[in-house]
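# Descriptive analysis of the structure
What follows is each chain in one-letter form.
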Amino acid sequence: MTQPPFTFLAEFAAPHEVSADWLAIGVWEDDPSPSSEPTEPLDQLVARLRSSGDLTGKRLELLPLYTPTDVKAARVLFVGLGKKADATRLTLHEAAAASAHLGTTKQFQNLAFVLPAITGMSSGEVALAIGVGLAHGSDGPGLRKSAPSRFRPHRLTLVLPPGLEPISDQAIDRVRAEAHAVALARELVNTPACDLYPETFATIALDTGRLAGFEVEVWDEQRLAAERMGAIMGVARGSDRPPRLVVMRYTGNPGGPTLGLVGKGVTFDSGGLSLKTSEQMVDMKCDMAGAAAVLGGLKAIAELKIRVNVLGVLALVENMPGGKALKLGDVLTARNGKTIEVLNTDAEGRLILADALSYAAEQNVAHLVDFATLTGACMIALGPNVAGLMTNNDPWGDRVLAAVSRAGERAWKLPMDSHYDEMIRSKVADMRNTGGSRYAGAISAAKLLQQFIGGVPWVHLDIAGPSWAESESAAQDPGGTGCMVRSIVELAGGYQ
Ligand code: BES
Ligand code: MN
Ligand code: ZN
């Protein structure tokens, strides 16, 4: 984790007086005035560009202007924000990320973004979406290239034009914490499996906890055996890399309820003996994105000293087809004593989560959420950008869904009626680890997890799609997206 941190600044100034290498200015599709307080030189420029048709304000439209006159910044970037009534943290985050994505292809020092005024959103919230978005677009993989494609700017400046309600130091703290937590999660996902495996991931969790201020305990294979984690040990058997379980505790509200967060951390998913094809396997270093989101979330929560108690559990294994690997037909006994017949070793995520969820549910948590790159079926159902949300408790599911959408991320609820229970019925054990058919694959996976939550209100987020970007888009380099980190911070902020 070698990246230098970003420096965030808030600057109270008229946009044309801001000095920056790039000054990004949002433009609405349905409001001809610039997004900020009118300032003479920029107003005229925007009016001219609109009437010539060069600027429409449509979402993610980017219009760079080099050496503009009457403006202190070296370059101006107009970015479309879409329709005013549709503005959310998601649209602002993407606009800022797309601006930074364009502005960081060369080595510049300072990127600035003029915060727009939006009815119904505080400037703190606007600053959060745009600040985290700027950092997101400035960051990218390519660490292993000798000629990098993206250069991290030294400063990211949030410009508050006259007339905009000022933002507090705490608002900037939240921007900084969230941006760096997302960056950590993305870097973990982008790190190849030759460097990131259960032991190295656990060491990063220890270091992160020490710096951010939360407790971290790492369980090795002896401890896992002593704790009866038969499902985690079963999956790990096929690999030369030993498994780890990471238990993290943050107490910000002594005596209050505890939120349990569990992450799937398969540092590489070959499929095991149910081997994936090369095409299916090629990106499977991403299969620890759930664990990365939980670690990133805890880091931000602890740095921000949010008044909440969080238990974080990361199940870390490599799924490989070695000589001791799980065989089809093997039966595993999970921590809670339930038995699972393994009919496909590529359905390993639900196995390791069975133990991790059993443990978390025993720890007197009031609510549980797990994050897992669990099924390709979820991507078939919802597409690559939306997480599947499954729950045993609709009020808790709705609270999580609301936090996800406030945070500017995407999730959609899938049904969990009891008639799906049949899908995991086994002839020889308490359940089997596949649904038996291709249908409702995301739900049959969740149905297995539900056997291990001990009745605690629980949400399962299947992030197989949104945790990884297959190709480059306006707002995102290919690779890890850091998805659900912002949602975790939002959920923790509203949790008591
Ligand atoms: N890690 C995969 C799911 C996945 C697929 C994540 C694509 C990201 C992108 C998971 O372990 C898996 O292999 N699931 C199987 C389950 C099946 C064997 C029942 C799947 O989705 O095909
Ligand atoms: Mn798998
Ligand atoms: Zn997997």
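Residues numbered from 1 in each chain as written. Chains lettered and ligands numbered in written order. Predicted model: local features only at pLDDT ≥ 70, side-chain atom pairs only at ≥ 80, totals over all residues. Heavy atoms only, no water.

## Quick look at the overall build of the protein chain
Looking only at helices and strands, the protein chain features 14 helices and 19 strands. Taking 23 Å as the expected radius of gyration for a compact globule of 496 residues, we find that the protein chain reaches 23 Å, a close match to that expectation. Its C-alpha atoms give the protein chain principal-axis dimensions of about 75 × 50 × 40 Å. Scored against the burial criterion, the 496 residues of the protein chain give a buried share of 61%. (Helix = DSSP H or I, 4+ residues; strand = E, 2+ residues; numbered from the N terminus. Rg over C-alpha atoms; globule rule 2.2 N^0.38 Å. Buried < 20%, exposed > 50% of the residue type's maximum accessible area, 1.4 Å probe, protein only.)

## Observations concerning the coordination of the manganese ion (ligand 2)
Every protein donor of the manganese ion (ligand 2) is listed here as D269 (OD), D346 (O), D346 (OD) and E348 (OE), and their distances to the metal cover 2.1 to 2.2 Å. Taken together, the six donor atoms coordinating the manganese ion (ligand 2) span angles of 72 to 171° at the metal, a pattern that classifies the geometry as irregular. We note that the donor set of the manganese ion (ligand 2) lies within a single chain, spaced as D-x76-D-x1-E. Separating the manganese ion (ligand 2) and the zinc ion (ligand 3) is a distance of 3.1 Å, and D269 donates to both of them. A residue pair is termed long-range when its members are at least 10 positions apart, and D269 in strand β9 (residues 258-269) and E348 in the loop between β12 (339-341) and α10 (349-362) qualify at 79 residues. With a relative accessible area of 3%, D269 lands in the buried category. (Donors = N, O, S within 2.8 Å, 3.2 Å for Na, K, Ca; no water. Tetrahedral: all angles 85-135°; square planar, octahedral: opposite > 155°, others 65-115°.)

## Some thoughts on the coordination of the zinc ion (ligand 3)
Here the zinc ion (ligand 3) is held by the protein donor atoms K264 (NZ), D269 (OD), D287 (OD) and E348 (OE), which lie 2.0 to 2.4 Å from it. Coordination at the zinc ion (ligand 3) is octahedral, judged from the six donor atoms that bind it and the angles of 78 to 175° they form at the metal. Of note, the zinc ion (ligand 3) draws all its donor residues from one chain, in the sequence arrangement K-x4-D-x17-D-x60-E.

## A look at the layout of surface pockets
Put simply, the second largest pocket is a space of about 490 Å³. Listing elements by their share of the lining of the second largest pocket, those giving two or more residues are α4 (169-190), α5 (198-212) and α9 (289-303). The greatest single-element share of the lining of the second largest pocket, amounting to seven residues, is contributed by α4. Residue composition of the lining of the second largest pocket, by class: 10 nonpolar, four polar and seven charged. (1 Å grid on protein atoms, 1.4 Å probe; cavity = no way out; pocket = protein on both sides within 12 Å on 5 of 7 lines; lining within 4 Å. Points joined across faces, edges and corners; volume = space filled by probe spheres on them. Nonpolar A, V, L, I, M, F, W, Y, C, P; charged D, E, K, R; others polar.)

## Topic: the packing of α10 against helix α13 (residues 441-450)
It is the contact of α10 with α13, at a shortest axis distance of 9 Å, that shows an interaxial angle of 30°. For the element pair α10 / α13, the angle class is roughly parallel. At the point where α10 passes α13, the crossing takes the right-handed sense. Contact residues: α10 offers R350, L353 and L357, while α13 offers S444, A445, L448 and L449. Its residues assigned to classes, the contact of α10 with α13 comprises five nonpolar, one polar and one charged. (Axes fitted to C-alpha atoms, helices over the stretch in contact; angles between N-to-C directions. Parallel < 35°, antiparallel > 145°, perpendicular 65-115°, else oblique. Left-handed = near helix turned anticlockwise from the far one by under 90°. Contact = heavy atoms within 4.5 Å.)

## Digging into the site of ligand 1
In the vicinity of ligand 1, 15 residues are found, and the nearest of them are K276, D287, D346, E348 and G376. Here a nitrogen atom of ligand 1 sits 2.8 Å away from a polar atom, N or O, in the side chain of D287. When the free accessible area of ligand 1 is taken as 520 Å², the share hidden by the protein chains comes to 77%. Residues of the shell around ligand 1, tallied by class, amount to four nonpolar, four polar and seven charged. (Near = heavy atom within 4 Å. Polar contact = N/O pair within 3.5 Å; in protein donor to acceptor, adjacent residues only side chain to side chain. Areas by Shrake-Rupley, 256 points an atom, 1.4 Å probe, with all protein chains shown as cover.)

## Structural notes on the side chain of N319
Among the structural elements, N319 can be located in strand β10 (residues 309-319). When neighbours within four sequence positions are excluded, N319 is seen to be in contact with V235, V266, F268, D269, S270, G271, G272, T345, D346 and E348.

## Topic: helix α14 (residues 485-493)
Buried residues dominate α14, accounting for eight of its nine residues. Those residues of α14 lying buried are V485, R486, S487, I488, V489, E490, L491 and A492.

## Brief notes about the sheet that holds strand β11 (residues 331-333)
Strand order in the open sheet formed by three strands is β11-β12-β16, and the pairing between neighbours is mixed. The sheet is open, and its two borders are formed by β11 and β16 (431-432), each paired with just one other strand. As paired elements, β12 and β16 share two bridges and run parallel to each other. If you follow I340 over to β16, its bridge partner there is M431. (Pairing = 2+ DSSP bridges.)

## Digging into the domain arrangement of the protein chain
Under the domain assignment used here, the protein chain contains domain 1 (8-167) and domain 2 (190-493). Computed over C-alpha atoms only, the centres of domain 1 and domain 2 are separated by 36 Å. Every contact between the two is made by 15 residues of domain 1 and, on the other side, 18 residues of domain 2. With both chains or domains summed, domain 1 and domain 2 bury close to 1,300 Å², and 48% of this area falls on carbon and sulfur atoms. Inspection of the region where domain 1 meets domain 2 yields three salt bridges. The residue E490 makes a salt bridge to R89 at a minimum N-O spacing of 2.9 Å. (Domains from an automatic or database assignment. Buried area = accessible area lost by both parts, 1.4 Å probe. Salt bridge = Lys/Arg side-chain N within 4 Å of Asp/Glu carboxyl O.)

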